[in-house]
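The residues making up each chain are set out below.
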Amino acid sequence: AQTVTQSQPEMSVQEAETVTLSCTYDTSESNYYLFWYKQPPSRQMILVIRQEAYKQQNATENRFSVNFQKAAKSFSLKISDSQLGDTAMYFCAFMKGVVQGAQKLVFGQGTRLTINP
Amino acid sequence: GAVVSQHPSWVICKSGTSVKIECRSLDFQATTMFWYRQFPKQSLMLMATSNEGSKATYEQGVEKDKFLINHASLTLSTLTVTSAHPEDSSFYICSAGDYNTGELFFGEGSRLTVL
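What comes next concerns the included structure. Note on numbering: residues in each chain are counted from 1, in written sequence order. Whichever chain is written first becomes A and whichever ligand is written first becomes 1, with later ones labelled in order. With the structure being a predicted model, the display of local features is reserved for residues of pLDDT at least 70 and the display and counting of side-chain atom pairs for 80 or more, all residues being used for whole-chain, interface and lining totals. Working from all heavy atoms in the structure, the side-chain values ignore hydrogens and water.

1. What about the overall build of chain A?
Along its length, chain A carries zero helices and 12 strands. Strands are runs of DSSP state E lasting at least two residues, helices are runs of H or I lasting at least four, and both sets are numbered from the N terminus onward. Seen in sequence order, chain A has helices and strands lined up from the N terminus as β-β-β-β-β-β-β-β-β-β-β-β. Radius of gyration: over C-alpha atoms. The globule rule applied is 2.2 Å multiplied by the number of residues raised to the 0.38 power. Relative to the 2.2 N^0.38 estimate, which gives 13 Å for 117 residues, the radius of gyration of chain A is 14 Å and therefore close to what a compact globule would have. With the principal axes as the frame, chain A shows a C-alpha extent of 45 × 30 × 25 Å. Three exposure classes are used, based on accessible area relative to the maximum for each residue type with a 1.4 Å probe and protein chains only: buried under 20%, partly exposed in between, and exposed over 50%. The proportion of buried residues among the 117 residues of chain A is 50%. Residues count as neighbours in contact if any of their non-hydrogen atoms are within 4.5 Å of one another. Nonlocal contacts in chain A, meaning residues at least 24 apart in sequence, comprise 56% of its contacts between residues at least 6 apart. Accessible area of chain A: about 5800 Å², with a carbon and sulfur share of 45%. We score Asp and Glu as negative and Lys and Arg as positive, and we do not count His or the chain ends. Just so you know, the charge point we use is NZ for Lys, CZ for Arg, CG for Asp and CD for Glu. Here chain A contributes 11 positively and 9 negatively charged side chains, and the mean placements of these two sets differ by 8 Å. All accessible-area figures derive from a Shrake-Rupley calculation using a 1.4 Å probe, and residue coverage is judged against the displayed protein chains alone.

Encoded structure:
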């Protein structure tokens with residue numbers, strides 16, 4: 001079974017600062033995907049970034065980037081130039097890779113991020 | 001982008017009654033949908049995997065007779081909480097998988113309060 005661990009229950013930074021959220025996972029699968037989701041107070045799950053395990057290059061999406069260390073099974077999220085709208089719960093998630101169709105997501109415990117003005 | 005609609009967004013019911021929550025994929029076919037439960041300040045816990053035209057697969061510890069799942073079409077899955085009790089009060093979230101791309105899309109969630 002796969003497990004995802006987020007060791008930081010809460011984090012708080014000042015606006016415009018850079019913050020890194022940690023995530024480790026455990027799996028015996030060779031083909032998988034990793035995700036970071038954001039859940040604002042509205043509770044709508046929003047995909048922030050996705051990483052395919054077979055890709056060595058770290059994924060980036062504007063101010064969001066990941067540090068994917070496959071051997072260490074680590075997948076951290078870096079938010080640059082943080083904004084007030086980044087305040088939310090952030091979940092790291094794992095999905096097994098399949099040829100077609102969809103697989104379930106396994107979520108970490110979440111990190112509550114607060115951006116202070 | 002693809003949209004998943006979940007209805008109702010919130011519902012209050014009396015103890016002992018049953019409540020149905022719908023999850024619809026609006027612009028893609030979803031052969032697989034997933035139902036999650038989220039308690040306040042906690043993570044999402046998978047309850048079951050719903051497959052179109054077949055029985056749902058429940059996670060360990062989830063009562064299948066309590067949480068009835070039906071996935072009768074490629075765009076609709078329903079979760080029925082039967083004989084609801086206050087401890088069933090929670091936030092329920094569905095996600096639908098696009099069969100062609102494998103992408104997952106989340107519904108807006110449904111907050112259930114059982115009095």
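From this point, things continue past the structure.
2. So, the state of the cysteines
By convention in this document, the label disulfide applies to cysteine sulfur atom pairs within 2.5 Å. Enumeration according to the criterion identifies two disulfides over all chains in this entry. Paired through a disulfide, Cys23 of chain A and Cys92 of chain A show a sulfur-sulfur distance of 2.0 Å. Judged by the sign of its S-S torsion, about -70°, the bond between Cys23 of chain A and Cys92 of chain A is left-handed. On the criterion of sequence distance, the pair formed by Cys23 of chain A in the loop between strand 3 (19-21) and strand 4 (24-26) and Cys92 of chain A in strand 10 (residues 88-96) is long-range, its members being 69 residues apart. The exposure class of Cys92 of chain A is buried, given its relative accessible area of 0%. Paired through a disulfide, Cys23 of chain B and Cys94 of chain B show a sulfur-sulfur distance of 2.0 Å.

3. Quick look at the packing of aromatic side chains
Side-chain rings of Phe, Tyr and Trp (the six-membered ring for Trp) are treated as a pair once their centres are within 6.5 Å; stacked means planes under 30 degrees apart, edge-to-face means over 60, and tilted covers the remaining angles. Enumeration over the complete set of coordinates arrives at 14 aromatic pairs over all chains. When the centroid spacing of 6.3 Å and the interplanar angle of 20° are considered together, the rings of Trp36 of chain A and Phe75 of chain A count as stacked. One end of the pair, Trp36 of chain A, is in strand 5 (residues 32-39); the other, Phe75 of chain A, is in strand 9 (residues 74-79), and 39 residues separate them in sequence. In terms of burial, Trp36 of chain A and Phe75 of chain A fall into one category: buried. Only when the NZ of Lys or the CZ of Arg is both within 6 Å of the ring centre and within 35 degrees of the ring normal is a charge said to sit over the ring. Above the face of the Phe91 of chain B ring, Arg43 of chain A is positioned so that its terminal group lies 4.2 Å from the ring centre.

4. Looking at the nonpolar core
Joining through side-chain atoms within 4.5 Å is the link that ties buried Ala, Val, Leu, Ile, Met, Phe, Trp, Tyr and Cys residues into a set, and such a set is a nonpolar core. With 27 residues, the main nonpolar core has Leu21, Tyr25, Trp36, Phe75, Leu77, Tyr90 and Leu113 of chain A as its most contacted residues. Of all the secondary-structure elements, those providing two or more residues to this core are strand 2 (10-14), strand 3, strand 5, strand 6 (46-52), strand 8 (64-69), strand 9, strand 10 and strand 12 (111-116) of chain A. In terms of residue count, strand 10 of chain A provides more of this core than any other element does, four residues in total. Apart from residues lying up to four places away in sequence, Phe75 of chain A is in contact with Cys23, Tyr25, Leu34, Phe35, Trp36, Gln51, Val66, Asn67, Phe68 and Cys92 of chain A. Judged by nonpolar contacts, the second largest core, of 25 residues, contains Val19, Leu79, Ala84 and Ala96 of chain B.

5. Overview of the pairing of strand 2 (residues 10-13) of chain B
All names here are of chain B. On strand 2, burial follows the alternation: Val11 and Cys13 on one face are buried, whereas Trp10 and Ile12 on the facing-out side are not. At least two DSSP bridges between two strands are required for those strands to pair. Bridge analysis of strand 2 against strand 11 (residues 110-114) gives four bridges, and the strand direction is parallel. Residue pairing for strand 11: Val11 is matched across the bridge by Leu112.

6. Describing the environment of Asp26 of chain A
Residue and element names in this part refer to chain A. Along the polypeptide, Asp26 turns up in strand 4. Given the relative accessible area of 41%, Asp26 is considered partly exposed. Excluding residues within four positions of it along the chain, Asp26 makes contact with Ala1, Gln2, Thr3 and Lys73. Only 3.5 Å separates the side chain of Asp26 from the side chain of Lys73, close enough to count as a polar contact. Under this definition, polar contacts are N or O atom pairs within 3.5 Å; protein pairs additionally need one hydrogen-donor-capable and one acceptor-capable atom, and for neighbouring residues in sequence, both atoms have to be side-chain atoms.

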